[in-house]
Amino acid sequence: MPTEIVTTDDLREFKLELLKEIKQLFAAHHGQPTKKWLKSYEVRKLLGISPGTLQNMRINGTLAFTKIGGVIFYDSEEIQKMMVENRVNNRFDLRREK
């Protein structure tokens, strides 16, 4: 059984290749969820909100959903659309000198 010695240069090269592949995966998905339909717990985790906040967003029509049986699904594209539509641009310039 032949033995192969792994050097620190080999490990460094492996690290660089691995990072390159991970960056390519992120670039392919643009940091967006890869699933079309998300369940409630996934949406709460993605947005960092509580179950009550998510329920309020359903009730007041902020976030569209689909209910099949007892399971509620959200379209990941609709979530991104909602985030863009509700973007707030602050008019106060913090860099302005007095």
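What counts and what doesn't
Residues numbered from 1 in each chain as written. Predicted model: local features only at pLDDT ≥ 70, side-chain atom pairs only at ≥ 80, totals over all residues. Heavy atoms only, no water. Pairing = 2+ DSSP bridges. Helix = DSSP H or I, 4+ residues; strand = E, 2+ residues; numbered from the N terminus. Axes fitted to C-alpha atoms, helices over the stretch in contact; angles between N-to-C directions. Patch = residues over 30% accessible without salt bridge, like charges linked within 9 Å, V, L, I, M, F, W, Y side chains within 5 Å. Areas by Shrake-Rupley, 256 points an atom, 1.4 Å probe, with all protein chains shown as cover. Salt bridge = Lys/Arg side-chain N within 4 Å of Asp/Glu carboxyl O. Lys, Arg positive; Asp, Glu negative; His and termini not counted. Charge placed at Lys NZ, Arg CZ, Asp CG, Glu CD. Buried < 20%, exposed > 50% of the residue type's maximum accessible area, 1.4 Å probe, protein only.

Asks: Mind showing me how you'd approach the sheet that holds strand 2 (residues 66–68) here?
Replies: Where strands meet in a sheet, backbone hydrogen bonds hold them as pairs that are either parallel or antiparallel. Strand order in the open sheet formed by 3 strands is 1-3-2, and the pairing between neighbours is antiparallel. Edge positions in the sheet fall to strand 1 (37–39) and strand 2, since each has one partner strand and no second. Strand-to-strand twist across the sheet, computed as the mean angle between neighbouring axes with direction ignored, equals 40°. As paired elements, strand 2 and strand 3 (residues 71–75) share 3 bridges and run antiparallel to each other. By the bridge assignment for strand 3, Lys67 is matched with Ile72.

Asks: Can you help me understand a negative patch on the surface in this one?
Replies: Side chains of Glu4, Asp10, Glu13, Glu17 and Glu21 sit close together on the surface and give a patch of like negative charge. Along the chain, the position of Glu13 falls in helix 1 (residues 8–29).

Asks: I keep staring at the pattern of salt bridges and nothing clicks. Help me out?
Replies: Between side chains of opposite charge, pairing is possible as soon as their charged atoms come close. With the rule as written, the count across this model stands at 3 salt bridges. Its salt-bridge partner being Asp75, residue Lys36 comes within 2.8 Å of it at the nearest N-O pair. Of this pair, Lys36 sits in the loop between helix 1 and strand 1 while Asp75 sits in strand 3; the two residues are 39 residues apart in sequence, bridging distant segments of the chain. The exposure class assigned to Asp75 is buried, which follows from its relative accessible area of 12%.

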